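Summary of the model geometry
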There are 2 protein chains.
Amino acid sequence: MASFGLEKKTKIPPPEQLLKPLWPHPKFLFGPGPSNPNARIYNASSLPMLGHFQTEFHHILDEIQAGLRYAFQTTNTYTIVFTGAGHTGMEGAMMNIVEREQKILICLNGMWGMRAKNIAERQGLDVRVIEKPAGEAFTLEDIKKGLEEHKPVAMFITHSESSTGVCQPLEGVGALCHKYDCLVIADTVASLGGTPFFTDDLELDVVYTGSQKVFACPPGICPITFSPKAIERVKNRKTPVPSFYLDILELGNYWGCDGQPRRYHHTAPINLLYTLRESLAMLVEEGLENCWKRHHDNIEIFWAGIEKMGLEMFVKDKNLRLPTVTTIKIPEGYPDWKAVGSYLMEKYHFEIVGGMGPTVGLVWRIGLMGLNSRKENIPSVLRLFEEAFNHVKAEK
Amino acid sequence: MASFGLEKKTKIPPPEQLLKPLWPHPKFLFGPGPSNPNARIYNASSLPMLGHFQTEFHHILDEIQAGLRYAFQTTNTYTIVFTGAGHTGMEGAMMNIVEREQKILICLNGMWGMRAKNIAERQGLDVRVIEKPAGEAFTLEDIKKGLEEHKPVAMFITHSESSTGVCQPLEGVGALCHKYDCLVIADTVASLGGTPFFTDDLELDVVYTGSQKVFACPPGICPITFSPKAIERVKNRKTPVPSFYLDILELGNYWGCDGQPRRYHHTAPINLLYTLRESLAMLVEEGLENCWKRHHDNIEIFWAGIEKMGLEMFVKDKNLRLPTVTTIKIPEGYPDWKAVGSYLMEKYHFEIVGGMGPTVGLVWRIGLMGLNSRKENIPSVLRLFEEAFNHVKAEK
C-alpha cells in the first residue's frame, strides 16, 4: 500500500473553527429570497437518501413532474428540474434553443435582463437588446418593434423583475413572437405560484423558476419547462448543446421524458428534490388558485400599510407590480438606506434588503412570498419596517 | 387586479398522487454513490435557512473554505463550491482554463474520460485523446508522449475512475505537464478524503470532488480548487468564460477570495452547504490521515473476503485500486449479473450496481466510502453479496 502515500503526513493542518457546532440563528426572511421553509420542507430534506437509479426515486421524479406541470400550467412533456440555482435556468434555456452567432433579443428593464445579456454574450450569441427604464414593463408594441428590427430566433423576457418589482404582462407575447418564428424564454424565478401564470395559454417556450421563493424550499434546484416547439428546435440544432450538464434532451431522458430507458446523466440532488416534492404537495393541498389569491390579497393589505406610512411605491401601476417582491421608494434626502436593513437584522434577525443593479440606492425590497405570505405576518412586517425607518431617520 | 387574471381557472388539474405522504424506504447505499449520510448530516440539512448576504452565512463560507483546503491539502485561495453536481466541476474546470479552439488532452481510460471528451467537444475545444484500456492507469511515459505529440494547454485526468475501479497515480504528473506549459485538471469525485491526496505537492491546477461520496452529504454541490497558475490563466483569457454561473473569478468574489467586497452572484445552496460544513467538521474530528487509513484498512479486509469467495478483481494491481469503489469481475458464463443487484435491492433494500460505460456487463461495483466504510459493515456486505451471487447462479 506504500504507493498510495499512507505514510505521508498532512501539511495543511485541520482548521479548528470547524469544531464549533454549526448553529445558524433563525431568521425572518422577508427579502427577495430565500423565503422561510416550514417544518414539512425541512423534514423532507432529511428523509432517507435514495440512489438515483432506484425505482422509488423514479416515482418521485414522476410525481415532481406532475406537480410542476400543475404549477406551470402546462402539458409540456419536458418539465423537469435543473440541478443548480435559477441561473442554470437562464443559461440552460439559451444554450439549448439558441446556437452560437444566432440572434437573441433581450428585453432589458432591470437586473435580470442585464444578467441575461451578460450570459448570452458569453455564449457567443448575437445579442440584441430592447430597453425600458427600471420600474416599467414592455408593451406588445415595444416587443413587435424589436422583433421586426432584429429578427431574433429567441427572445428573453423577465416575468418577475425582482430588482425593480415589475411583473411583466405576457398576454399575447408568445403568439406575437411565434409569428416572427421567435421562441420565448420567460424568467419566473420570483413569481411562479404567487400570481396567475399559464405557460401553455401564453404560448411560452421555455419557462423556469426558483425553488427558494414561492416554493419556500432550500436553494439549489431550478424547475424548468420546454414546449414541444422548443424541443423541436433543440432536435434540429446544427451544433451540439455546449453543455452536457444542461442539455435538455439528455436530462429529459434521465427524467423519463422521451419514453426511452433512462440513461445515467448525473447524480440528481435527491434531498433537494424531496423538498420540492413536499412543497408541490402543499400546493396541491392549498390549490393553485388559492395560492395565487393568497399572495394577491396579502400584498394589497401590505401595500396599503406602506402607503399609509406616507411612502411611495417604485412601480406606480398596481397592475404591473409583483405580488411577491415589493419595491418601496427611498424618499429623497433619506439619510442612510442601508442602515434600515442592518437595524432590522441586528435587532430582530429580520431580513429586508435594498435595491439591486439599476435600483441600488433607489428602493427597499420586501418579499412576502411562499409560506411567509400570511395575513398575520403583515402587521409585524409593517411595524418593524416603520420602526427601522423612523429610527434611522431620527439618528442621522 | 383583474389584469393579473385572478378570475381565470386552472386547466391542468392538481395531481392527486402528491397527496400521498413522501416516505422513501431507508436504503443501504453500497454502490458507487451516493453513500449514506448520518444523523449529523441530515440534521445539518434542516438547520434554519439564512440569506446569502448575511454575515453569519459568510462565516460559514469561510469555514467551509478552511475545511476544503484541509481536505484538498492546498493553500489555494480559490477553493470553493460550485452549486451543482460533480459534472459542474468537470464542465467548469475546462470552461475556465481552456478557450474555444485551444487544445485539451483527455486521458481516457473509462467513463469519466469519455464524459470529459464529450464535454470538451461541446465547448468547442480542440480535443486530443490518449487512451488506455478500462482497468489500467496512465504512466508518466504515456502522458509525456501525449504532451509532446499534442502540445495541449490543459490535460484532464481522472484520479478516481469509479467506472473501472482504478485509482490513477498522480505523482510527478503536475510537474511534467507544467514543463510543457500545460495545466492539469484532476477528477477526484469518488476518492477525495478516502486516500492520500496532496493537491499542492502534486502541482495540480484544478481539482474537484463530489459531496455524496466520501463526504457522505446529499448530492448537488461540487467542491473545487484552482491553483494560482489556473487563476492567472483565467485572468489572461482573450475571451470571456462562456458561463457566468461557473466563472471562477465571479464565484471567487462571492466566496470572498479576491479581497473585494462580495457581489451578488447567485443564491448559494445554503442547506447543502450546511451539510458539507458538518461533514468537514467530522473530518477534522477524525483527522484526514485517520480517514485515509480507515478507508484503506477496511477495503483490504473487504478485498480479502471477495477473493475468498473465489472472485477476481477487475483491477489486478492493488496499488492501482480505488479504496472507495471496488470493481469485481463477473465470472465468465455467469447467468444474469443484473439479477444480483435486483435481488439485494428487493430483499434487503441494499444497493450495489453493475458496470458503467466500458465496464457494463464486466463488473459489479461495490462502494465502501465515507461513513459506510466501517469495519463492522464488511461482514454483512460480503455475506449479502455472496448470498445474492449464489442465489442468482442457482436460479438460472
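Residues numbered from 1 in each chain as written. Chains lettered and ligands numbered in written order. Predicted model: local features only at pLDDT ≥ 70, side-chain atom pairs only at ≥ 80, totals over all residues. Heavy atoms only, no water.

**Digging into the sheet that holds strand 8 (residues 183–187) of chain A**
Residues and elements named next belong to chain A. In space, the seven strands of this open sheet follow the order 2-10-9-8-5-3-4, with mixed pairing throughout. The open sheet is flanked by strand 2 (78–82) and strand 4 (126–131), the only strands paired with a single partner. Recorded for the sheet is a direction-independent mean angle of 20 degrees between the axes of neighbouring strands. (Pairing = 2+ DSSP bridges. Helix = DSSP H or I, 4+ residues; strand = E, 2+ residues; numbered from the N terminus. Axes fitted to C-alpha atoms, helices over the stretch in contact; angles between N-to-C directions.)

**Here's the deal with helix 7 (residues 228–235) of chain B**
Residues and elements named next belong to chain B. Regarding helix 7, the residues found buried are Ala230, Ile231 and Val234. All buried residues of helix 7 project into a common sector of 100 degrees when viewed along the axis, lining one side. Across from the buried face of helix 7, at angles greater than 90 degrees, the exposed residues are Pro228, Glu232 and Lys235. Where helix 7 is buried, its residues meet strand 2 (78–82), helix 3 (86–97), strand 8 (183–187), strand 9 (206–208), strand 10 (222–226) and helix 8 (248–254). (Buried < 20%, exposed > 50% of the residue type's maximum accessible area, 1.4 Å probe, protein only. Arc of directions from axis to C-beta. Contact = heavy atoms within 4.5 Å.)

**Details of the interface of chain B and chain A**
Taken together, the contact pairs 111 residues of chain B with 111 residues of chain A. A combined buried area of about 9400 Å² lies between chain B and chain A, and 65% of that area is made up of carbon and sulfur atoms. In this structure, the connection of chain B to chain A is made through eight salt bridges. Notably, a salt bridge pairs Arg122 of chain B with Asp247 of chain A, separated by 2.8 Å at the nearest N-O pair. Taken together, chain B and chain A are joined by 43 residue pairs in polar contact (both at pLDDT 80 or more). Of all the elements in the fold, those that place two or more residues in the side of chain B that touches chain A are helix 1 (39–45), helix 2 (55–72), helix 3, helix 4 (111–122), helix 9 (270–286) and helix 10 (288–308) of chain B. (Buried area = accessible area lost by both parts, 1.4 Å probe. Salt bridge = Lys/Arg side-chain N within 4 Å of Asp/Glu carboxyl O. Polar contact = N/O pair within 3.5 Å; in protein donor to acceptor, adjacent residues only side chain to side chain.)

**Here's the deal with the side chain of Thr225 of chain B**
Residue and element names in this part refer to chain B. Within the secondary structure, Thr225 sits in strand 10. At 2.9 Å, the side chain of Thr225 and the side chain of Asn76 are in polar contact. When near neighbours in sequence (up to four residues on either side) are disregarded, Thr225 contacts Phe72, Thr74, Asn76, Tyr78, Thr79, Thr199, Asp205, Val206 and Val207.

**Notes on the pairing of strand 10 of chain B**
It is a general feature of regular strands that their side chains alternate between the two faces of the sheet. Residue and element names in this part refer to chain B. Counting buried residues in strand 10 gives five out of five residues, a clear majority hidden from the surface. Residues of strand 10 alternate between two faces, with Cys222, Ile224 and Phe226 on one and Pro223 and Thr225 on the opposite face, all of them buried. Note: strand 9 against strand 10, three bridges, orientation antiparallel. Pairing of Val206 across the sheet is with Phe226, part of strand 10.

**What about the confidence of the model for chain A?**
Averaged over chain A, the pLDDT score is 97; the fraction of residues at 70 or greater is 99%. Per the prediction output, this complex has pTM 0.98; the corresponding ipTM is 0.97. (pLDDT = per-residue confidence, 0-100.)

**Digging into the packing of aromatic side chains**
Across all of its chains, the model carries 20 aromatic pairs over all chains by this definition. Pairing Trp112 of chain A with Tyr264 of chain B gives two aromatic rings, centres 5.9 Å apart and planes at 85 degrees, and the pair type is edge-to-face. With Trp112 of chain A in helix 4 (residues 111–122) and Tyr264 of chain B in the loop between helix 8 and helix 9, the pair connects residues from two separate chains. No difference in accessibility class separates Trp112 of chain A from Tyr264 of chain B, as the two residues are buried. Geometrically, the ring pair formed by Trp364 of chain B and Phe389 of chain B is edge-to-face, given 5.7 Å between the ring centres and 75 degrees between the ring planes. Of this pair, Trp364 of chain B sits in strand 14 (residues 363–367) while Phe389 of chain B sits in helix 12 (residues 378–395); the two residues are 25 residues apart in sequence, bridging distant segments of the chain. Judged by relative accessible area, Trp364 of chain B falls into the buried class, the value being 1%. Taking the ring centre of Trp303 of chain A as reference, the NZ or CZ of Arg321 of chain A above it sits at 4.5 Å. (Phe/Tyr/Trp six-rings, centres within 6.5 Å; stacked < 30°, edge-to-face > 60°. Lys NZ or Arg CZ within 6 Å of the ring centre and 35° of its normal.)

**Topic: the UniProt feature "binding site: substrate" (unreviewed entry) in chain A**
Residue and element names in this part refer to chain A. UniProt's feature table lists "binding site: substrate" (unreviewed entry) at Arg365, given in the numbering used throughout. Assignment of secondary structure puts Arg365 in strand 14 (residues 363–367). Of the polar contacts made by the side chain of Arg365, one reaches the backbone oxygen of Ser162; its length is 2.9 Å. (UniProt positions renumbered as here; feature names shortened; annotations may be inferred.)

**Details of the pattern of salt bridges**
Residues and elements named next belong to chain A. Following the criterion strictly, the structure yields 38 salt bridges over all chains and no others. Note that Arg262 and Asp62 form a salt bridge whose closest N and O atoms lie 3.3 Å from each other. Of this pair, Arg262 sits in the loop between helix 8 (248–254) and helix 9 (270–286) while Asp62 sits in helix 2 (residues 55–72), placing them 200 residues apart in sequence. A cluster of three or more residues bridged by salt bridges with shared partners is formed by Arg40, Glu278 and Glu285.

**Quick notes on the domain arrangement of chain A**
All names here are of chain A. The domain architecture assigned to chain A consists of domain 1 (28–34 + 287–395) and domain 2 (39–285). Distance between the C-alpha centres of domain 1 and domain 2: 27 Å. Each side of the interface is counted separately: domain 1 has 26 residues, and domain 2 has 35 residues. Summed over both sides, the interface between domain 1 and domain 2 buries roughly 2400 Å², with carbon and sulfur atoms accounting for 70% of that surface. Considering only the side of domain 1, the residues that lose the most area to domain 2 are Leu288, Trp292 and Leu322, jointly responsible for 27% of the buried surface there. The interface formed by domain 1 and domain 2 holds zero salt bridges in total. At the boundary of domain 1 with domain 2, the tally comes to 12 residue pairs in polar contact (both at pLDDT 80 or more). Every element with two or more residues in the side of domain 1 that touches domain 2 is listed here: helix 10 (288–308) and strand 11 (325–329). When residues in the side of domain 1 that touches domain 2 are grouped by element, the largest group, five residues, is from helix 10. Residues that form the side of domain 1 that touches domain 2 fall into these classes: 15 nonpolar, nine polar and two charged. (Domains from an automatic or database assignment. Nonpolar A, V, L, I, M, F, W, Y, C, P; charged D, E, K, R; others polar.)

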